[in-house]
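Here is how the chains run, residue by residue.
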Amino acid sequence: MKKRDFLKSTAALGLTALLPSSVWALSKNGRLRTAHIGVSNMGGADLASISSHELVDVVALCDVDSKALAGAKKLHPNAVVYKDYRVMLKEMKNDIDAVIVSTPDHTHAPASMMAMEFDKPVYCQKPLTHHVVEARAMRKMAKEKNLVTQMGIQVHSFYDYKLATLLIQSGIIGKVSTVRAWSPKNWGFDGPEPEGSDPVPENLDWNLWLGTSAERPYKEGYYHPANWRKLLDYGCGTLGDMGVHIFDTPYNALKLDVPMTIKNQCRKPTGFGFPEKNTVTYTFPGTEYTADTLKWIWYDGKGAPGKHKDLKLPNNEKLPGQGAMFVGEKGRLLLPHFMELPRLIVDGKYQELDLSIIKDQEAIGEPVRDYDSEGNKHYHQFVDACLGKAETSAPFEYSARLTETILLGVIAGRFPNKTLHWDNATARFSEPEANKFLDAPYRDF
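In this text, all values refer to a predicted model and were calculated from it rather than measured experimentally. (Residues numbered from 1 in each chain as written. Predicted model: local features only at pLDDT ≥ 70, side-chain atom pairs only at ≥ 80, totals over all residues. Heavy atoms only, no water.)

Caption draft 1: Looking closely at the pattern of salt bridges. Under the criterion given, the structure shown has 17 salt bridges. The residue R33 makes a salt bridge to D97 at a minimum N-O spacing of 2.9 Å. With a gap of 64 residues between them, R33 in strand β1 (residues 32–37) and D97 in the loop between α5 (85–91) and β4 (98–101) connect regions that are remote in the sequence. Among the ionic pairs, K219 bridges to D198, the shortest N-O distance being 3.8 Å. In this pair, K219 sits in the loop between α9 (206–210) and α10 (237–253) while D198 sits in the loop between β7 (176–183) and α9, placing the two residues 21 residues apart along the sequence. For K219, a relative accessible area of 18% translates into the label buried. Exposure remark for D198: the relative accessible area of 25% places this residue in the partly exposed category. Within the structure, one salt-bridge network assembled from shared partners comprises K126, R229 and D241. (Salt bridge = Lys/Arg side-chain N within 4 Å of Asp/Glu carboxyl O. Helix = DSSP H or I, 4+ residues; strand = E, 2+ residues; numbered from the N terminus. Buried < 20%, exposed > 50% of the residue type's maximum accessible area, 1.4 Å probe, protein only.)

Now the structure itself:
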(Lines give C-alpha, C1' and ligand atoms only; values in the text may rest on other atoms or scores of the structure.)
Protein backbone atom coordinates (compact mmCIF):
# COMPACT_ATOMS: atom_id res chain seq x y z
CA MET A 1 0.00 0.00 0.00
CA LYS A 2 1.49 3.32 -1.09
CA LYS A 3 1.74 6.19 1.39
CA ARG A 4 -0.60 8.43 -0.61
CA ASP A 5 -3.23 5.67 -0.54
CA PHE A 6 -2.69 5.18 3.19
CA LEU A 7 -3.30 8.86 3.98
CA LYS A 8 -6.31 9.14 1.67
CA SER A 9 -7.88 5.86 2.65
CA THR A 10 -10.55 7.45 4.84
CA ALA A 11 -11.75 9.94 2.21
CA ALA A 12 -14.62 7.84 0.84
CA LEU A 13 -15.86 6.39 4.13
CA GLY A 14 -18.86 8.71 4.32
CA LEU A 15 -20.33 7.27 1.13
CA THR A 16 -21.64 4.11 2.78
CA ALA A 17 -23.86 3.56 5.78
CA LEU A 18 -21.97 2.15 8.77
CA LEU A 19 -23.14 -0.91 10.61
CA PRO A 20 -22.30 -1.49 14.27
CA SER A 21 -18.82 -2.92 14.62
CA SER A 22 -20.08 -6.16 16.14
CA VAL A 23 -22.00 -6.87 12.93
CA TRP A 24 -18.81 -6.70 10.91
CA ALA A 25 -17.04 -9.12 13.22
CA LEU A 26 -19.67 -11.74 14.02
CA SER A 27 -19.29 -14.85 11.94
CA LYS A 28 -22.27 -16.97 10.97
CA ASN A 29 -21.81 -19.59 13.69
CA GLY A 30 -21.31 -17.12 16.52
CA ARG A 31 -17.55 -17.70 16.65
CA LEU A 32 -14.69 -15.37 15.78
CA ARG A 33 -12.30 -16.32 12.98
CA THR A 34 -8.93 -14.66 13.53
CA ALA A 35 -5.93 -13.97 11.32
CA HIS A 36 -2.55 -13.33 12.93
CA ILE A 37 0.18 -11.19 11.35
CA GLY A 38 3.42 -11.98 13.17
CA VAL A 39 3.51 -15.18 15.24
CA SER A 40 6.92 -15.26 16.96
CA ASN A 41 8.00 -13.75 20.29
CA MET A 42 5.22 -11.30 21.29
CA GLY A 43 3.22 -12.49 18.31
CA GLY A 44 3.34 -16.00 19.72
CA ALA A 45 2.08 -14.72 23.07
CA ASP A 46 -0.73 -12.81 21.33
CA LEU A 47 -1.67 -15.92 19.36
CA ALA A 48 -1.79 -18.03 22.52
CA SER A 49 -3.92 -15.55 24.45
CA ILE A 50 -6.39 -14.80 21.66
CA SER A 51 -6.82 -18.48 20.80
CA SER A 52 -7.40 -19.36 24.47
CA HIS A 53 -10.86 -17.81 24.14
CA GLU A 54 -13.39 -20.59 23.72
CA LEU A 55 -15.15 -18.85 20.81
CA VAL A 56 -12.06 -18.21 18.67
CA ASP A 57 -11.03 -20.15 15.58
CA VAL A 58 -7.58 -19.32 14.22
CA VAL A 59 -7.99 -19.50 10.46
CA ALA A 60 -4.86 -17.76 9.12
CA LEU A 61 -1.24 -17.27 10.17
CA CYS A 62 1.31 -14.95 8.59
CA ASP A 63 4.99 -14.43 9.27
CA VAL A 64 8.06 -13.52 7.21
CA ASP A 65 10.07 -16.14 9.15
CA SER A 66 9.26 -19.66 7.98
CA LYS A 67 10.53 -21.23 11.22
CA ALA A 68 8.19 -19.13 13.32
CA LEU A 69 5.35 -19.87 10.91
CA ALA A 70 5.97 -23.61 11.09
CA GLY A 71 5.89 -23.52 14.88
CA ALA A 72 2.56 -21.67 14.91
CA LYS A 73 1.15 -24.05 12.27
CA LYS A 74 1.83 -27.00 14.56
CA LEU A 75 -0.35 -25.39 17.21
CA HIS A 76 -3.09 -24.51 14.72
CA PRO A 77 -2.94 -27.14 11.97
CA ASN A 78 -6.18 -26.02 10.31
CA ALA A 79 -4.96 -22.47 9.72
CA VAL A 80 -3.85 -21.32 6.27
CA VAL A 81 -0.29 -19.95 6.28
CA TYR A 82 1.16 -16.93 4.46
CA LYS A 83 4.35 -14.92 4.50
CA ASP A 84 2.84 -11.74 2.98
CA TYR A 85 -0.02 -10.19 4.96
CA ARG A 86 -1.27 -8.36 1.86
CA VAL A 87 -1.87 -11.63 0.04
CA MET A 88 -3.52 -13.13 3.11
CA LEU A 89 -5.95 -10.25 3.60
CA LYS A 90 -6.93 -10.17 -0.06
CA GLU A 91 -7.38 -13.92 -0.45
CA MET A 92 -9.12 -14.53 2.88
CA LYS A 93 -11.09 -11.35 3.38
CA ASN A 94 -14.37 -13.29 3.34
CA ASP A 95 -13.09 -15.91 5.78
CA ILE A 96 -11.65 -13.62 8.46
CA ASP A 97 -13.58 -11.79 11.18
CA ALA A 98 -10.72 -10.04 13.03
CA VAL A 99 -6.99 -9.41 12.56
CA ILE A 100 -4.20 -9.48 15.15
CA VAL A 101 -1.08 -7.44 14.27
CA SER A 102 2.06 -8.43 16.20
CA THR A 103 4.89 -7.31 13.93
CA PRO A 104 7.81 -4.93 14.56
CA ASP A 105 6.59 -1.36 15.03
CA HIS A 106 7.20 -0.16 11.47
CA THR A 107 4.62 -2.61 10.08
CA HIS A 108 1.88 -1.96 12.66
CA ALA A 109 0.16 0.79 10.69
CA PRO A 110 0.44 -0.61 7.14
CA ALA A 111 -0.94 -4.00 8.20
CA SER A 112 -3.64 -2.58 10.49
CA MET A 113 -4.83 -0.02 7.97
CA MET A 114 -5.16 -2.62 5.26
CA ALA A 115 -7.16 -4.86 7.60
CA MET A 116 -9.46 -1.97 8.52
CA GLU A 117 -9.91 -1.11 4.84
CA PHE A 118 -11.44 -4.59 4.58
CA ASP A 119 -13.70 -3.69 7.53
CA LYS A 120 -11.92 -5.99 9.98
CA PRO A 121 -11.64 -5.27 13.70
CA VAL A 122 -7.97 -5.04 14.70
CA TYR A 123 -5.96 -5.89 17.79
CA CYS A 124 -2.55 -4.22 17.29
CA GLN A 125 0.45 -4.45 19.55
CA LYS A 126 1.91 -1.35 21.19
CA PRO A 127 3.04 1.22 20.34
CA LEU A 128 0.16 1.53 17.93
CA THR A 129 2.28 3.05 15.15
CA HIS A 130 5.80 4.06 14.21
CA HIS A 131 4.90 7.63 13.20
CA VAL A 132 2.51 10.30 14.46
CA VAL A 133 0.77 10.68 11.09
CA GLU A 134 -0.03 6.96 11.12
CA ALA A 135 -1.52 7.17 14.63
CA ARG A 136 -3.88 9.93 13.57
CA ALA A 137 -4.86 8.07 10.38
CA MET A 138 -5.59 4.84 12.26
CA ARG A 139 -7.65 6.65 14.87
CA LYS A 140 -9.66 8.35 12.13
CA MET A 141 -10.33 5.21 10.14
CA ALA A 142 -11.35 3.15 13.18
CA LYS A 143 -13.80 5.86 14.22
CA GLU A 144 -15.32 6.46 10.80
CA LYS A 145 -15.69 2.74 10.09
CA ASN A 146 -17.03 2.10 13.58
CA LEU A 147 -14.72 -0.87 14.11
CA VAL A 148 -13.80 -2.71 17.27
CA THR A 149 -10.14 -2.00 18.00
CA GLN A 150 -7.73 -2.63 20.85
CA MET A 151 -4.05 -1.82 21.38
CA GLY A 152 -1.99 -4.61 22.89
CA ILE A 153 -1.28 -3.09 26.28
CA GLN A 154 -2.30 -5.95 28.52
CA VAL A 155 -1.60 -4.21 31.84
CA HIS A 156 -4.41 -1.78 31.02
CA SER A 157 -6.75 -4.53 32.18
CA PHE A 158 -4.74 -5.64 35.24
CA TYR A 159 -6.24 -5.12 38.69
CA ASP A 160 -3.41 -3.01 40.16
CA TYR A 161 -3.48 -0.50 37.34
CA LYS A 162 -7.26 -0.18 37.34
CA LEU A 163 -7.13 0.30 41.12
CA ALA A 164 -4.55 3.08 40.81
CA THR A 165 -6.74 4.80 38.22
CA LEU A 166 -9.79 4.67 40.50
CA LEU A 167 -7.81 5.94 43.50
CA ILE A 168 -6.37 8.91 41.62
CA GLN A 169 -9.77 9.83 40.20
CA SER A 170 -11.26 9.53 43.69
CA GLY A 171 -8.86 12.24 44.90
CA ILE A 172 -6.66 10.14 47.18
CA ILE A 173 -3.76 12.60 46.74
CA GLY A 174 -5.72 15.57 45.43
CA LYS A 175 -4.87 17.26 42.16
CA VAL A 176 -1.68 15.89 40.60
CA SER A 177 1.08 18.29 39.57
CA THR A 178 3.84 15.88 38.51
CA VAL A 179 4.30 12.33 37.30
CA ARG A 180 7.71 10.67 37.27
CA ALA A 181 8.01 7.36 35.44
CA TRP A 182 11.01 5.17 34.73
CA SER A 183 12.50 2.00 33.30
CA PRO A 184 16.20 1.04 33.40
CA LYS A 185 15.80 -1.07 30.26
CA ASN A 186 18.00 -0.14 27.33
CA TRP A 187 16.35 -0.43 23.94
CA GLY A 188 18.86 2.03 22.53
CA PHE A 189 22.04 1.71 20.49
CA ASP A 190 24.84 4.26 20.66
CA GLY A 191 27.15 2.49 18.23
CA PRO A 192 27.63 3.12 14.49
CA GLU A 193 25.58 1.68 11.67
CA PRO A 194 27.09 -1.66 10.61
CA GLU A 195 29.00 -1.87 7.38
CA GLY A 196 28.66 -4.52 4.72
CA SER A 197 26.08 -7.28 4.66
CA ASP A 198 25.55 -10.88 5.66
CA PRO A 199 23.70 -13.67 3.85
CA VAL A 200 20.00 -13.57 4.60
CA PRO A 201 18.93 -16.70 6.53
CA GLU A 202 16.97 -19.16 4.41
CA ASN A 203 14.00 -18.95 6.77
CA LEU A 204 13.68 -15.13 6.46
CA ASP A 205 12.10 -13.10 3.67
CA TRP A 206 14.15 -9.93 4.20
CA ASN A 207 12.20 -7.84 1.69
CA LEU A 208 8.92 -8.56 3.45
CA TRP A 209 10.50 -7.97 6.87
CA LEU A 210 11.59 -4.50 5.71
CA GLY A 211 8.09 -3.91 4.39
CA THR A 212 7.39 -0.23 3.77
CA SER A 213 10.69 0.91 5.35
CA ALA A 214 13.72 1.89 3.28
CA GLU A 215 15.75 -0.84 1.64
CA ARG A 216 18.78 -1.90 3.66
CA PRO A 217 21.27 -4.78 3.50
CA TYR A 218 20.77 -7.56 6.03
CA LYS A 219 23.26 -7.73 8.89
CA GLU A 220 23.27 -10.59 11.36
CA GLY A 221 22.37 -9.63 14.94
CA TYR A 222 21.08 -6.12 14.21
CA TYR A 223 17.49 -6.49 13.09
CA HIS A 224 15.58 -9.76 13.10
CA PRO A 225 14.48 -11.29 15.40
CA ALA A 226 15.19 -9.23 18.52
CA ASN A 227 17.13 -5.99 18.18
CA TRP A 228 14.90 -3.90 15.90
CA ARG A 229 13.48 -1.97 18.90
CA LYS A 230 16.84 -0.21 19.22
CA LEU A 231 16.84 1.20 15.70
CA LEU A 232 15.17 4.32 14.33
CA ASP A 233 13.69 2.74 11.21
CA TYR A 234 11.90 -0.11 12.96
CA GLY A 235 11.27 0.46 16.67
CA CYS A 236 10.63 3.27 19.13
CA GLY A 237 13.31 2.66 21.76
CA THR A 238 12.66 2.05 25.45
CA LEU A 239 10.13 4.88 25.49
CA GLY A 240 8.07 3.14 22.80
CA ASP A 241 8.35 -0.23 24.50
CA MET A 242 8.19 0.03 28.29
CA GLY A 243 7.08 3.65 28.21
CA VAL A 244 3.73 2.73 26.69
CA HIS A 245 3.00 0.31 29.53
CA ILE A 246 4.16 2.62 32.30
CA PHE A 247 2.62 5.79 30.83
CA ASP A 248 -0.75 4.13 30.34
CA THR A 249 -2.17 4.26 33.86
CA PRO A 250 -1.21 7.87 34.69
CA TYR A 251 -2.30 8.97 31.22
CA ASN A 252 -5.65 7.23 31.60
CA ALA A 253 -6.20 8.17 35.25
CA LEU A 254 -5.52 11.86 34.69
CA LYS A 255 -7.54 11.98 31.44
CA LEU A 256 -4.66 13.53 29.54
CA ASP A 257 -4.56 14.50 25.89
CA VAL A 258 -1.36 15.12 23.93
CA PRO A 259 1.36 17.37 25.42
CA MET A 260 2.14 21.03 24.76
CA THR A 261 5.93 20.80 25.07
CA ILE A 262 8.49 18.02 24.95
CA LYS A 263 12.20 18.00 25.77
CA ASN A 264 14.58 15.02 25.66
CA GLN A 265 17.93 15.13 27.43
CA CYS A 266 20.04 12.56 25.60
CA ARG A 267 23.13 12.17 23.44
CA LYS A 268 23.41 13.64 19.95
CA PRO A 269 21.57 11.71 17.20
CA THR A 270 23.48 9.17 15.13
CA GLY A 271 20.82 8.59 12.49
CA PHE A 272 20.75 4.85 13.20
CA GLY A 273 19.95 3.90 16.78
CA PHE A 274 17.96 5.42 19.64
CA PRO A 275 19.89 6.93 22.56
CA GLU A 276 20.67 4.41 25.28
CA LYS A 277 19.64 6.83 28.00
CA ASN A 278 16.83 9.41 27.89
CA THR A 279 15.20 11.89 30.23
CA VAL A 280 12.05 13.21 28.57
CA THR A 281 10.07 16.07 30.09
CA TYR A 282 6.50 16.75 28.93
CA THR A 283 4.07 19.49 29.90
CA PHE A 284 0.35 18.78 29.48
CA PRO A 285 -2.71 21.00 29.64
CA GLY A 286 -4.50 20.62 32.95
CA THR A 287 -7.51 18.36 33.49
CA GLU A 288 -10.00 17.96 36.32
CA TYR A 289 -7.51 15.65 38.05
CA THR A 290 -4.38 17.79 37.70
CA ALA A 291 -2.98 21.20 38.51
CA ASP A 292 -3.30 23.95 35.87
CA THR A 293 -0.57 22.16 33.94
CA LEU A 294 1.00 18.75 34.49
CA LYS A 295 4.72 18.04 34.37
CA TRP A 296 5.71 14.54 33.34
CA ILE A 297 9.29 13.24 33.46
CA TRP A 298 10.32 9.93 31.91
CA TYR A 299 13.70 8.29 32.63
CA ASP A 300 15.15 5.23 30.90
CA GLY A 301 18.46 3.44 30.51
CA LYS A 302 21.04 2.21 33.00
CA GLY A 303 20.62 3.81 36.42
CA ALA A 304 17.18 5.26 35.72
CA PRO A 305 15.61 7.17 37.36
CA GLY A 306 18.37 8.59 39.59
CA LYS A 307 17.63 10.55 42.75
CA HIS A 308 14.89 13.13 43.27
CA LYS A 309 12.91 14.19 46.33
CA ASP A 310 9.68 13.16 44.58
CA LEU A 311 11.03 9.62 44.41
CA LYS A 312 12.26 9.25 47.99
CA LEU A 313 10.58 6.34 49.75
CA PRO A 314 9.92 5.83 53.47
CA ASN A 315 12.53 3.94 55.50
CA ASN A 316 15.09 4.60 52.76
CA GLU A 317 13.58 1.79 50.68
CA LYS A 318 14.72 1.27 47.13
CA LEU A 319 12.42 2.19 44.28
CA PRO A 320 10.88 -0.69 42.32
CA GLY A 321 12.84 -1.43 39.17
CA GLN A 322 10.18 0.14 36.99
CA GLY A 323 7.17 2.25 37.80
CA ALA A 324 5.52 5.64 38.17
CA MET A 325 5.08 8.15 40.98
CA PHE A 326 2.10 10.52 41.12
CA VAL A 327 2.82 13.72 43.07
CA GLY A 328 -0.31 15.45 44.37
CA GLU A 329 -1.54 18.09 46.79
CA LYS A 330 -2.09 15.65 49.64
CA GLY A 331 0.67 13.10 49.06
CA ARG A 332 2.15 10.71 46.55
CA LEU A 333 1.01 7.45 44.99
CA LEU A 334 3.64 4.92 43.90
CA LEU A 335 2.65 2.45 41.19
CA PRO A 336 5.28 -0.27 40.68
CA HIS A 337 5.43 -2.08 37.36
CA PHE A 338 3.92 -4.65 37.55
CA MET A 339 1.50 -6.81 39.56
CA GLU A 340 2.11 -4.86 42.75
CA LEU A 341 -0.45 -2.78 44.57
CA PRO A 342 -0.11 1.01 44.47
CA ARG A 343 1.29 2.52 47.67
CA LEU A 344 0.17 5.75 49.30
CA ILE A 345 2.81 8.04 50.83
CA VAL A 346 1.77 10.98 53.03
CA ASP A 347 4.25 13.15 54.97
CA GLY A 348 7.03 10.70 54.21
CA LYS A 349 5.18 7.65 55.57
CA TYR A 350 3.21 4.83 54.01
CA GLN A 351 -0.53 4.95 54.65
CA GLU A 352 -3.16 2.25 54.28
CA LEU A 353 -5.24 2.47 51.11
CA ASP A 354 -8.81 3.43 51.88
CA LEU A 355 -10.81 1.85 49.07
CA SER A 356 -14.05 3.25 50.46
CA ILE A 357 -13.27 6.58 48.79
CA ILE A 358 -13.94 4.96 45.41
CA LYS A 359 -17.52 5.79 44.49
CA ASP A 360 -18.03 2.92 42.08
CA GLN A 361 -17.23 -0.05 44.31
CA GLU A 362 -18.21 -2.55 41.62
CA ALA A 363 -15.45 -1.18 39.40
CA ILE A 364 -12.73 -2.25 41.85
CA GLY A 365 -13.02 -5.95 41.12
CA GLU A 366 -10.86 -8.60 42.71
CA PRO A 367 -7.07 -9.05 42.37
CA VAL A 368 -5.98 -12.07 40.38
CA ARG A 369 -2.40 -12.97 41.16
CA ASP A 370 -1.87 -15.02 38.05
CA TYR A 371 -0.18 -13.38 35.07
CA ASP A 372 -1.84 -15.48 32.39
CA SER A 373 -5.31 -14.91 33.81
CA GLU A 374 -4.69 -11.18 34.16
CA GLY A 375 -3.12 -10.88 30.72
CA ASN A 376 -5.79 -12.87 28.91
CA LYS A 377 -8.50 -10.48 30.14
CA HIS A 378 -7.34 -7.79 27.73
CA TYR A 379 -7.32 -10.17 24.76
CA HIS A 380 -10.64 -11.76 25.66
CA GLN A 381 -12.18 -8.32 26.05
CA PHE A 382 -11.33 -7.70 22.39
CA VAL A 383 -12.85 -11.01 21.30
CA ASP A 384 -16.00 -10.38 23.32
CA ALA A 385 -16.29 -6.88 21.85
CA CYS A 386 -16.02 -8.30 18.33
CA LEU A 387 -18.87 -10.65 19.22
CA GLY A 388 -20.97 -7.77 20.52
CA LYS A 389 -20.69 -8.79 24.19
CA ALA A 390 -18.33 -6.12 25.58
CA GLU A 391 -16.43 -2.92 24.85
CA THR A 392 -12.68 -2.57 24.59
CA SER A 393 -10.83 -0.42 27.12
CA ALA A 394 -7.88 0.59 24.91
CA PRO A 395 -9.49 1.31 21.51
CA PHE A 396 -7.59 3.28 18.89
CA GLU A 397 -9.53 6.40 19.92
CA TYR A 398 -7.58 6.25 23.20
CA SER A 399 -4.43 4.37 22.30
CA ALA A 400 -3.61 6.54 19.27
CA ARG A 401 -3.42 9.61 21.54
CA LEU A 402 -1.24 7.73 24.03
CA THR A 403 0.98 6.55 21.17
CA GLU A 404 1.21 10.07 19.75
CA THR A 405 2.41 11.31 23.13
CA ILE A 406 5.07 8.61 23.26
CA LEU A 407 6.22 9.28 19.69
CA LEU A 408 6.60 13.02 20.35
CA GLY A 409 9.12 12.13 23.04
CA VAL A 410 10.89 9.84 20.59
CA ILE A 411 11.11 12.67 18.04
CA ALA A 412 12.49 15.01 20.72
CA GLY A 413 15.47 12.67 20.90
CA ARG A 414 16.47 13.98 17.48
CA PHE A 415 16.90 17.43 19.07
CA PRO A 416 18.72 16.87 22.38
CA ASN A 417 18.02 19.37 25.16
CA LYS A 418 15.74 21.47 22.94
CA THR A 419 12.13 22.18 23.92
CA LEU A 420 9.69 21.35 21.12
CA HIS A 421 6.23 22.93 21.03
CA TRP A 422 3.31 20.80 19.79
CA ASP A 423 0.06 22.10 18.33
CA ASN A 424 -2.66 19.50 18.85
CA ALA A 425 -5.08 21.21 16.45
CA THR A 426 -2.72 21.24 13.49
CA ALA A 427 -0.63 18.20 14.47
CA ARG A 428 2.54 20.18 13.80
CA PHE A 429 5.54 21.39 15.75
CA SER A 430 6.31 25.09 16.00
CA GLU A 431 9.86 24.04 15.12
CA PRO A 432 9.73 23.26 11.36
CA GLU A 433 12.82 21.06 11.45
CA ALA A 434 11.00 18.57 13.70
CA ASN A 435 7.98 18.13 11.43
CA LYS A 436 9.80 15.94 8.93
CA PHE A 437 9.97 13.20 11.56
CA LEU A 438 6.19 12.99 11.92
CA ASP A 439 6.08 10.72 8.89
CA ALA A 440 8.28 8.78 6.49
CA PRO A 441 7.79 7.69 2.87
CA TYR A 442 6.56 4.16 2.27
CA ARG A 443 8.66 1.93 0.03
CA ASP A 444 6.86 -0.15 -2.59
CA PHE A 445 7.81 -3.72 -1.83
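Caption draft 2: Just the nonpolar core, in detail. Residues M116, L254, W296, F326, I411, W422 and F429 are the most contacted members of the largest nonpolar core, which totals 94 residues. Take this core: its biggest share by element is 10 residues, from helix α12 (residues 396–412). Not counting chain neighbours up to four residues away, the residues in contact with F429 comprise I262, L408, I411, L420, H421, W422, A434, N435 and L438. Among the nonpolar cores identified, the runner-up in size contains 22 residues, and L61, A98, Y123 and V383 belong to it. (Core = buried A, V, L, I, M, F, W, Y, C linked by side-chain atoms within 4.5 Å. Contact = heavy atoms within 4.5 Å.)

Caption draft 3: Representation of unusual backbone geometry within the structure. Of the consecutive residues K126 and P127, the connecting peptide bond is found in the cis state with omega at -20°. In this fold, P127 is placed in the loop between β5 (122–125) and α7 (132–145). Omega for the bond connecting H224 with P225 falls within 30 degrees of zero, at 5°, which places this linkage in the cis form. With respect to the helices, strands and loops of the structure, P225 is situated in the loop between α9 and α10. In this model, D119 sits at a positive phi of 65°, which is unusual for a non-glycine residue. Looking at the secondary structure, you find D119 in the loop between α6 (108–117) and β5.

Caption draft 4: View of the sheet that holds β1. As summarised here, the arrangement of the 6 strands in space is β3-β2-β1-β4-β5-β6, forming an open sheet in which the pairing is parallel. Each having just a single partner strand, β3 (80–82) and β6 (149–152) make up the two edges of the open sheet. Adjacent strand axes in the sheet meet at a mean angle of 20° when their direction is disregarded. Both β5 and β6 contribute to a ladder of 4 bridges, which runs parallel. Bridge pairing links V122 to T149 in β6. Where helix α3 (residues 42–51) meets the sheet, it contacts β1, β2 (56–62), β4 and β5, and its direction lies at approximately 160° from that of β2. (Pairing = 2+ DSSP bridges. Axes fitted to C-alpha atoms, helices over the stretch in contact; angles between N-to-C directions.)

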